[in-house]
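These are the residues of each chain, in order.
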Amino acid sequence: MNERHLQMLMAATGHYHGGIDGQIGPKSRQAMRDIEAAFRDRYTFDPTGSTEARREVAVAQACLDKLGHDPGAIDGWMGNNTTEALNGFLFKQATGKAEVIDRTPLAAPVGGGSIPTQAEVGRVYGSPGDQIKKRLVTIKLPFSLRIDWNLRQKATRITVHRDCADQLMAALVAVHAHYGPDRMRDLGIDRYAGAYNHRKMRGGNSWSMHAYGCAIDFYAEPNGLRTQCPEALFCGAAYKDFLDIMQDHEWLPAIRLWGKDAMHFQRARL
Ligand SMILES: [Zn+2]
């Protein structure tokens, strides 16, 4: 966690009144302890006994949450949701307005058949919140993925909408059969970066496809929200089969839908 950003966040929530100097001194530490106490119920881990680095991330997450930039769980891990929440905060600080991310469809349409369009997901999948939550299922993979923001942590369970689960299971089993575990690891395809998440779209006002349980992310850092081909890692030749397999199983790569956000795949077309 960048210490200046941490101080900016604590100042924006009214917990910190010192300088934005990146020096974590007594005032910064006191503000951190105050925020930990105020958000104790929301923490998904016990900050006492955790590293200072993890405590800083969690305090930043608590501030982002309070400021309306949804960071996901207050877990002290700097994942892609926290990173994008921070990006949203910094953009607003710098410009005074919310960032808008252009998602104009690419010329060639991708997907078809039984895949709903984004305009149809509310009708087909349900309303984000309680209704979607009742329709979520957890698939259990016969192999493990690594958690993208904490690589020592493994995941075998992924929570998605019941209407998308079989397709995702089949897609990931096919990816695993095609590449094998070592190659998946070398390419970073095994870096699972989140599926169901009740939140709004980044740089937009509508619900994220993640809030419908029909989206999944992999290996966020080199496949950013604003990164296009050829810069995005998943645009590389080694990843073509990965994208093809996902698409063949109705999980469409965003890099083929709107040409950015290569980490993202969704069972919804544009
Ligand atoms: Zn995503």
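How each quantity is defined
Residues take numbers from 1 onward in each chain, read along the sequence in its written order. In keeping with the predicted nature of the model, local features appear solely for residues at pLDDT of at least 70, side-chain atom pairs appear and are counted solely at 80 or more, and the whole-chain, interface and lining totals rest on all residues. The numbering of helices and of strands both runs from the N terminus, where a helix is a DSSP run of H or I of at least 4 residues and a strand a run of E of at least 2. For the exposure call, what matters is how many other C-beta atoms sit within 10 Å of a residue's own: 20 or more marks it buried, 12 or fewer exposed, and in between partly exposed, using C-beta atoms placed from the backbone. By the convention adopted here, residues make contact when the C-beta atoms placed from their backbones lie within 7 Å. Where each domain begins and ends is defined by an automated method or by a domain database. Joining buried Ala, Val, Leu, Ile, Met, Phe, Trp, Tyr and Cys residues through C-beta atoms within 7 Å gives a set, and that set is a nonpolar core. What a helix should span is 1.5 Å times the count of its residues minus one. Each axis is a line fitted through C-alpha atoms, taken for helices only over the stretch in contact, and angles between the N-to-C directions span 0 to 180 degrees. Here is the rule for handedness: rotate from the far helix to the near one, and if that takes an anticlockwise turn smaller than a right angle the crossing is left-handed, while a clockwise turn gives right-handed. Amino acid classes used here: Ala, Val, Leu, Ile, Met, Phe, Trp, Tyr, Cys and Pro are nonpolar; Asp, Glu, Lys and Arg are charged; the rest, including Gly, are polar.

A. Highlighting the overall build of the chain. Helix and strand counts for the chain come out as nine helices and six strands. Considered along the principal axes of its C-alpha atoms, the chain spans approximately 60 × 40 × 40 Å. In the chain, which comprises 270 residues, the share counted as buried stands at 39%. Taking contacts inside the chain between residues at least 6 apart in sequence as the whole, the part at least 24 apart equals 60%.

B. Main features of the domain arrangement of the chain. With domains assigned, the chain is organised as domain 1 (3-95) and domain 2 (118-266). Taking the mean C-alpha position of each, domain 1 and domain 2 sit 27 Å from one another. Opposite the nine residues of domain 1 that make contact, domain 2 presents 13 residues.

C. Highlighting the nonpolar core. With 43 residues, the main nonpolar core has Leu168 and Cys214 as its most contacted residues. When contributions to this core are tallied by element, the ones reaching two or more residues are strand 2 (150-161), helix 7 (162-187), strand 4 (215-217), helix 8 (240-248) and helix 9 (254-257). At seven residues, helix 7 tops the list of elements feeding residues into this core. When sequence neighbours within four positions are dropped, the list of residues in contact with Leu168 reads Ile139, Ile158, Val160, Ile216 and Trp251. Counting 22 residues, the second largest nonpolar core, distinct from the first, contains Ala31, Ala58, Cys63 and Met78.

D. Examining helix 4 (residues 80-95) more closely. Here helix 4 contains 16 residues, and its C-alpha end-to-end distance of 22 Å stays within 8% of the 22 Å for a straight helix at 1.5 Å per residue. By the burial criterion, the buried members of helix 4 are Asn80, Asn81, Thr82, Glu84, Ala85, Leu86, Gly88 and Phe89. Buried residues along helix 4 sit against helix 1 (3-12), helix 3 (52-66) and strand 4. With its phi angle positive at about 80°, Gly96 sits one or two positions after the end of helix 4.

E. Inspection of the packing of helix 2 (residues 26-38) against helix 3 at higher detail. At a closest axis distance of 10 Å, the pairing of helix 2 and helix 3 adopts a crossing angle of 60°. Pair helix 2 / helix 3 crosses with left-handed handedness. Only Arg55, Val59, Ala62 and Cys63 of helix 3 make contact with helix 2, whose side of the interface consists of Met32, Ile35 and Glu36. Of the residues assigned to the contact of helix 2 with helix 3, the class counts are five nonpolar, no polar and two charged.

F. Highlighting the environment of Gln167. By the secondary structure assignment, Gln167 is in helix 7. For Gln167, a count of 19 C-beta atoms within 10 Å translates into the label partly exposed. Separated by 16 residues in sequence, Gln167 and Arg183 have C-alpha atoms that sit 22 Å apart. When residues no more than four places from it in sequence are discounted, the contact partners of Gln167 are His249, Glu250, Trp251 and Arg267.

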